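Residue-level structure breakdown
What follows is each chain in one-letter form.
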Amino acid sequence: MSSGSPYYSVTGVTPDSMSPRKEICNYFSAYPVYSLAWSRRDDRNSMFRMALSSFLEEPQNRVQVVQLSPQHDPAHTPERPDFGLVAETTTDYPLTKLLWQPIAGGFAQPDLLAGAGDSLRIWECEQTGEPAEMGLSKSNLRPRAKMATRADYSAPVTSFDWNQIDPRLIITSSIDTTCTVWDIETQQAKTQLIAHDREVFDVSFVSNSQDVFVSAGADGSIRMFDLRALEHSTILYEAPAAVAPSSSDPNIGDSSYYPENSGIPTAHLASFTPPLLRLSCNALDPNYIATFALDSHIVNIIDVRNPGSAVVNLVGHQGPIHTVSWSPSSPSQLCSAGADSRVLVWDIHQALATRQHQQRQAMAAAAQAKQLSRLAATDKAGGDLGDDMHSPKSAASVSGIQTSNAIQAVAQAAAAQALTQNPSSVAPSLTYAARLPVNSLAWHSNSPEWISIGFGNTVQTLRL
């Protein structure tokens, strides 16, 4: 990526006339960029269109729509923009997430953009036909809806997801511990439930499902719900307890207070469960979820069929992770980015295959241990030992051998099972270094060889 040449190729459906003619394309905003979202349409006028939002500590934040210019420079010129601004609107508060409406059964009319912040907001993006910069045509972001559960007060919305099967449905998460399912046609809440014990930081529908969704929160857990049976939920994962200096310790921050090479003394540690900040559901395999905790350098991969612990840990970041996303075209590929300014692409295919092999071995070992234990129990009870073994000494000898074999098999089965409980560690397959910490990334669903990242005032689109 950093050299301007692709590391590997992915066959996309990008129209040749509208695809970028280089490996890195830029857009320079006048504001710090926080959220990114690629258009889901694959028509000529929308294929390489993005929405982005600002992060300003003032009530004049921006939502912008930018598009790849047909006049963009095919040469690698880092200081020149390749995307042009086609639409802009304002919001009082920064948006935590942006998404374009999914396409179901043809193009959605009109083209809707949703954002979450102080509430759930929806805009309609309409082309005006007026000329814009860089040979593009202007569009207009017209407010369509602002949805909140109460007219007088609305708890901030931390995240949301748009249902791929039924694009009328959006689910939001909030700091008030709830998740809410909205019908955007009626602009009314269909269902609201208390999902966690503390703030809910992220929520997502499981791929190819209209009813099943998962959420992550400040209580350090990932929970799965089904809209058809909300009286039950499943805790899929709980972040391991971490330790931190007690807030009442007056010596916090004084490095001379702690013994050399011993870290922070146990007496001055407080155990806590770190919040899970974000999650991402695998777009092609509904069994896998990626998540990370507050200040964590590791992405955890969860298998919903084996709740309780991570199956794979992605180890490679040198600072807290900010965002993670699965590939729209590969069930084993995902991308993460964070405070270390690194964008890492991972492929967990081999790790998952190795783990499945270990699980099969554990099942076989457990079955063998069960069979040998049954035989040992039968022999101990005085079962038939055969025609040439009539003495009590021979019987005791055979029984001892059977018992020893059974004990050994049980130990082997326990070891094999323990092996499956330990997550595999995977190193990144690709690395890109940005100039600043990366706040967001968006994987192009129609052209999956392209990823966009946001850092500082810059959006870069990278070809993998």
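Higher on the page you've got the structure.
Summarised in this report is the structure supplied together with it.

Calculation criteria
- Residues numbered from 1 in each chain as written.
- Predicted model: local features only at pLDDT ≥ 70, side-chain atom pairs only at ≥ 80, totals over all residues.
- Heavy atoms only, no water.
- Pairing = 2+ DSSP bridges.
- Helix = DSSP H or I, 4+ residues; strand = E, 2+ residues; numbered from the N terminus.
- Axes fitted to C-alpha atoms, helices over the stretch in contact; angles between N-to-C directions.
- Core = buried A, V, L, I, M, F, W, Y, C linked by side-chain atoms within 4.5 Å.
- Buried < 20%, exposed > 50% of the residue type's maximum accessible area, 1.4 Å probe, protein only.
- Contact = heavy atoms within 4.5 Å.
- Salt bridge = Lys/Arg side-chain N within 4 Å of Asp/Glu carboxyl O.
- 1 Å grid on protein atoms, 1.4 Å probe; cavity = no way out; pocket = protein on both sides within 12 Å on 5 of 7 lines; lining within 4 Å.
- Points joined across faces, edges and corners; volume = space filled by probe spheres on them.
- Nonpolar A, V, L, I, M, F, W, Y, C, P; charged D, E, K, R; others polar.

Moving on, we get to the sheet that holds strand β20 (residues 276-281). Strand order in the open sheet formed by 5 strands is β20-β21-β22-β23-β27, with mixed pairing between adjacent strands. Strand pairing shows two members of the sheet lacking a second neighbour, β20 and β27 (424-426), which therefore form its edges. Across the sheet, the mean angle from the axis of one strand to that of its neighbour is 25°, orientation sign disregarded.

So, about the nonpolar core. Residues I301, V312, L314, L334 and I348 are the most contacted members of the largest nonpolar core, which totals 18 residues. Looking at this core, the elements that each hand over two or more residues are β21 (288-293), β22 (298-303), β23 (310-315), β24 (321-326), β26 (342-347) and α1 (349-380). Other than its neighbours up to four places away in sequence, L314 contacts H297, I298, V299, I301, L334, W346, I348 and V426.

It is worth spelling out the pairing of strand β7 (residues 111-116) at this point. For β7, the tally of buried residues reaches 6 of 6 residues, placing the bulk of the element in the interior. Of the two faces of β7, the one carrying D111, L113 and G115 and the one carrying L112, A114 and A116 are both buried. Pairing analysis gives 4 bridges linking strand β6 (residues 97-100) to β7, with the strands arranged antiparallel. Within β7, the position partnered with W100 by the bridge is L113. Note: β7 against strand β8 (residues 120-131), 6 bridges, orientation antiparallel. When the bridges of β8 are listed, G115 appears paired with R121. Turn length for the β7-β8 hairpin, with the two strands adjacent in sequence and antiparallel, is 3 residues.

Opposite charge on two side chains permits pairing when their charged atoms draw close. Summed over the entire model, instances satisfying the criterion amount to 16 salt bridges. One salt bridge in this structure joins D197 and R223, with 3.5 Å as the shortest N-O distance. You can see D197 sitting in the loop between β13 (188-194) and β14 (200-205) and its partner R223 sitting in strand β16 (residues 221-226), a full 26 residues away along the chain. Relative accessible area serves as the criterion here: at 13%, R223 is assigned to the buried category.

All right, on to empty space enclosed by the protein then. For the structure on display, the rule yields 2 cavities of 30 Å³ or more. Approximately 100 Å³ is the volume attributed to the largest cavity. In terms of lining, the largest cavity is formed by 14 residues, of which the most central are T149, S154, A155, V157 and S174. Its residues assigned to classes, the lining of the largest cavity comprises 5 nonpolar, 8 polar and 1 charged. In this structure, the second largest cavity encloses a volume near 40 Å³. Along its surface, the second largest cavity is lined by Y288, D303, V311, L352, R355, Q356 and Q359. The residue inventory of the lining of the second largest cavity, partitioned by class, reads 3 nonpolar, 2 polar and 2 charged.

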